[in-house]
Amino acid sequence: MNGVGFCGEGSSIRIARAALHQWEEPVISGVRGSGAIFFTGCNLKCIFCQNAAISEKGSGREITPEALADMFFFLKEQGAHNINLVTPTHFAPGICEAINIAKGKGFDLPFIYNSSGYESVETLKTLEGLIDVYLPDFKYLDEKKATAYSCACDYPEIAKAAIAEMYRQVGKPVIVNEAVNAEAQTPESSADGGNATEEVFLIKKGLIVRHLVLPLGVKNACRVIDYLAETYGDDIYISIMNQYTPLYNIPGALREEQIKRLEAYKELQRKVTGLEYDRVLQHVLDLGLENVFIQEDDASGEMYIPDWNL
Ligand code: SF4
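The present account deals with the structure reproduced in this document. This structure is a prediction, so every number in the text was calculated from the model and none was measured. (Residues numbered from 1 in each chain as written. Predicted model: local features only at pLDDT ≥ 70, side-chain atom pairs only at ≥ 80, totals over all residues. Heavy atoms only, no water.)

**As for the overall build of the protein**
- A tally of regular secondary structure across the protein gives eleven helices and ten strands.
- Whereas a compact globule of 310 residues would reach a radius of gyration of roughly 19 Å, the protein reaches 19 Å, a difference of no more than 12%.
- Overall size of the protein, expressed as C-alpha extent along the three principal axes, is 60 × 50 × 40 Å.
- Counting the 310 residues in the protein, one finds 54% classified as buried.
- Look at the contacts in the protein between residues 6 or more apart in sequence, and 76% of them connect residues 24 or more apart.
- Surface exposure of the protein reaches about 13800 Å², of which carbon and sulfur atoms provide 51%. (Helix = DSSP H or I, 4+ residues; strand = E, 2+ residues; numbered from the N terminus. Rg over C-alpha atoms; globule rule 2.2 N^0.38 Å. Buried < 20%, exposed > 50% of the residue type's maximum accessible area, 1.4 Å probe, protein only. Contact = heavy atoms within 4.5 Å. Areas by Shrake-Rupley, 256 points an atom, 1.4 Å probe, with all protein chains shown as cover.)

**Here's the deal with the pairing of strand β8 (residues 197–212)**
- Of the strand pairs in this sheet, strand β6 (residues 133–136) and β8 are connected by two bridges, and their pairing is parallel. Following the sheet pairing, Tyr134 is matched in β8 by Leu207.
- Where β8 lies against strand β9 (residues 237–241), five bridges are found, and the strand directions are parallel. Considered in β9, the bridge of Ile208 is made with Tyr237. (Pairing = 2+ DSSP bridges.)

**Focus on helix α9 (residues 218–232)**
- Here α9 spans 21 Å end to end across 15 residues, near enough to the 21 Å set by a 1.5 Å rise per residue.
- Regarding α9, the residues found buried are Val218, Asn220, Ala221, Cys222, Val224, Ile225, Tyr227, Leu228, Ala229 and Tyr232.
- At the C-terminal side of α9, Gly233 shows a positive phi close to 50°. (Expected span 1.5 Å × (residues − 1).)

**Examining the packing of helix α3 (residues 65–78) against helix α4 (residues 92–104)**
- Where α3 contacts α4, the axes come no closer than 8 Å and their chain directions differ by 55°. Regarding the angle of α3 to α4, the classification is oblique. In the packing of α3 onto α4, the handedness of the crossing is right-handed. Facing Pro65, Glu66, Leu68, Ala69, Phe72 and Phe73 of α3, the residues of α4 in contact are Gly94, Ile95, Glu97, Ala98, Ile99, Ile101 and Ala102.
- Residue composition of the contact of α3 with α4, grouped by class: ten nonpolar, one polar and two charged. (Axes fitted to C-alpha atoms, helices over the stretch in contact; angles between N-to-C directions. Parallel < 35°, antiparallel > 145°, perpendicular 65-115°, else oblique. Left-handed = near helix turned anticlockwise from the far one by under 90°. Nonpolar A, V, L, I, M, F, W, Y, C, P; charged D, E, K, R; others polar.)

**Digging into unusual backbone geometry**
- Its identity as a non-glycine residue notwithstanding, Cys151 has a phi of 55°, on the positive side.
- The residue Cys151 is located in the loop between α6 (143–150) and α7 (155–170) in this model.
- Even without being glycine, Leu216 reaches a positive phi, approximately 60°.
- As for its position among the elements, Leu216 is in the loop between β8 and α9.

These results come straight from atomic positions and should not be treated as a statement about function.
Set out below in C-alpha cells:
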C-alpha cells in the first residue's frame, strides 16, 4: 500500500468477505442470496458502525481487479442473484475495472452499489452504465447528528446530490417476477431435471434508499422520509431499518477511540425501542408511500454481524 486516505486504505482494493448474503431486502436476497462483497475501510467514521472490524480495524486482504472479476463469476456459480458491492466508494476506480473485465467475459448479473450515501457526483458519474441498482443510505438530514455521529456536517447536502445522480442514472425500479431454482444450478442438477423452482421478485434496476433508525432518531428519520417522499414519491424504494445493534458493551467490537467517542452519546448504547420504530412506520403510512421495506420487530443483534475473515 502506498498512501493511505481518510478511509484507511490505499489505492489497492482490499476485501474482508465475499459470500452469499441473505439479510438484504427480499428483492435483493431472493431465495439463494445476494453475492455480497464487503470492502475494507470506509470514507465515513460513524461512531455506531456495525461493521467496525472492517471499516475501522482494517480486516481484509488485497485483491486485483482481475481477481475481483473472477470472484463475481464464483459468486454467480454459488447461485447469487446479483453482485452486491458493500462500502465500495473508496475503491471505485478498481471496481469499475473489475466490472468492465467481467462484462467483457459475458457476465450478466446486476451490480448493486451498496454505499453510505456520502459520495461525490464526480465519482458516481464514472459508474454510469456499470451499476444497475443503487442501494445508498440516507442517514441524516439533521446536520448536528451528522457531525456528532459521523464527523460529516455536510452529509445531508452530499447525500441529496448523490441520490439525485443515482436516480438520474438508473431511474424507476424494474422488479421482475422470476421462477428460479432455490439452489444454484449445478451440472448434476441440470442433468437430472434441476431443482424445484420458486417464484421470486428480483430487482434488476433502480434505487433503494435505506435509513437506519437510531435511538432518539425519530425526528431525523421522519425528515429523511419526508424529503424522499417529496422528491421521488414511489419512483424509488425506501427501506426503513430497525437493526441498530449497540456494540458499546461487546468486548473487542470497537476500538478504544470509538468507545471514548460513544461515551458522550448515551442514547447509542441501547437499541431502538419498538415505540420509536413504530412512530417512524406510522409516519410512512400517513404519507401514503407504497414502495417501502420494513423490518421485523427485532432485527438487531450480534448474530447478524458476519465474520470478516474472507
Ligand atoms: S458508512 Fe457504514 S460502514 Fe462506513 S463507518 Fe458509517 S456505518 Fe460504518
